[in-house]
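Spelled out, the chains give:
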Amino acid sequence: MTFAKSITALTTFALISTAQGFELTSQDIEPGKMMPKAQEYIGFGCEGGNLSPQLAWRAIPAGTKSFALTVFDPDAPTGSGWWHWIAYDIPANVRELPRNAGDTDTDIAPEGMLQHRNDYGATGFGGACPPVGDKAHRYQFKIFALDVESLEIDPQSSAALVGYMIHAHKIDEASLEAKYKR
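Residues numbered from 1 in each chain as written. Predicted model: local features only at pLDDT ≥ 70, side-chain atom pairs only at ≥ 80, totals over all residues. Heavy atoms only, no water.

J.: How do you make sense of unusual backbone geometry when you look at a structure like this?
T.: Residues apart from glycine generally show negative phi values, whereas peptide bonds are mostly found in trans. If you check the backbone angles, Asn100 has positive phi at about 75° while not being a glycine. As for its position among the elements, Asn100 is in the loop between β7 (96-97) and β8 (114-115). Non-glycine residue Glu152 carries a positive phi angle of around 50°. Along the chain, Glu152 falls in the loop between β9 (137-146) and α2 (159-168). With relative accessibility at 71%, the residue Glu152 sits in the exposed group. (Helix = DSSP H or I, 4+ residues; strand = E, 2+ residues; numbered from the N terminus. Buried < 20%, exposed > 50% of the residue type's maximum accessible area, 1.4 Å probe, protein only.)

The following block contains the structure:
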């Protein structure tokens, strides 16, 4: 095989792999678009529905033993962003979180999934609540394929430690970014 044919074959393989790669989608939010008021927080002056959106993922990487999910606002005026949702130990056979799975008062979340404290100080999903008049904030939804069944995290640990553990066991990640403004 010539060098040019080798490069062409590798490029084609890379394009096919990318097209079939790990992917995160939602029926409730669209990439790059404004989220509906249903995903706005209730509290801190916000009056939304505080519903976590439906999320689904596909093209699962080989070796995946569990998943973790994070929702982060890098535009929050804190100097360090804002964690809206951290869920982990999502079983490897799960491919979707239904709408409102982030509400810890329901039984909607898949069995085995654990939810960590968000930056509102509560466990579970905490919706968007940017300051009134601020630019549209970006909300980064990320699903991580992990090489362990459980992260074995103390519920009192920081979001930074959870992030460290997720990245230490990450096989791959997929993301979806939406916006919100008040």
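J.: How should the packing of aromatic side chains be read in this particular structure?
T.: When we look at a pair of aromatic rings, we describe it by the centre distance and by the angle of the planes. Scanning the model with the defined rule gives eight aromatic pairs in all. Centroid distance Phe44 to Tyr120: 5.2 Å. Interplanar angle 70°. Geometry classified as edge-to-face. With Phe44 in the loop between β2 (42-43) and β3 (46-47) and Tyr120 in the loop between β8 and β9, this pair connects stretches of sequence that are 76 residues apart. Relative accessible area serves as the criterion here: at 58%, Phe44 is assigned to the exposed category. (Phe/Tyr/Trp six-rings, centres within 6.5 Å; stacked < 30°, edge-to-face > 60°.)

J.: What am I meant to see in the nonpolar core here?
T.: Side chains of nonpolar character tend, in soluble globular proteins, to be buried together. Ranked by size, the top nonpolar core spans 26 residues in total, and within it Trp57, Trp85, Ile90 and Phe141 carry the most contacts. When residues of this core are traced back to their parent elements, those giving at least two are β4 (55-58), β5 (66-73), β6 (82-91), β9 and β10 (170-180). Residues Tyr88, Phe144, Val148 and Ile166 belong to the second largest nonpolar core, which totals eleven residues. (Core = buried A, V, L, I, M, F, W, Y, C linked by side-chain atoms within 4.5 Å.)

J.: Whenever I open this one, α2 confuses me. Can you help?
T.: Buried within α2 we find Ala159, Val162, Gly163 and Ile166. For α2, the arc enclosing every buried residue in end-on projection is 100°, short of the 170-degree limit, so these residues lie on one face. Exposed residues pointing more than 90 degrees away from the buried face of α2 are listed as Ala160 and Tyr164. Residues of α2 that are buried make contact with β5, β6, β9 and β10. (Arc of directions from axis to C-beta. Contact = heavy atoms within 4.5 Å.)

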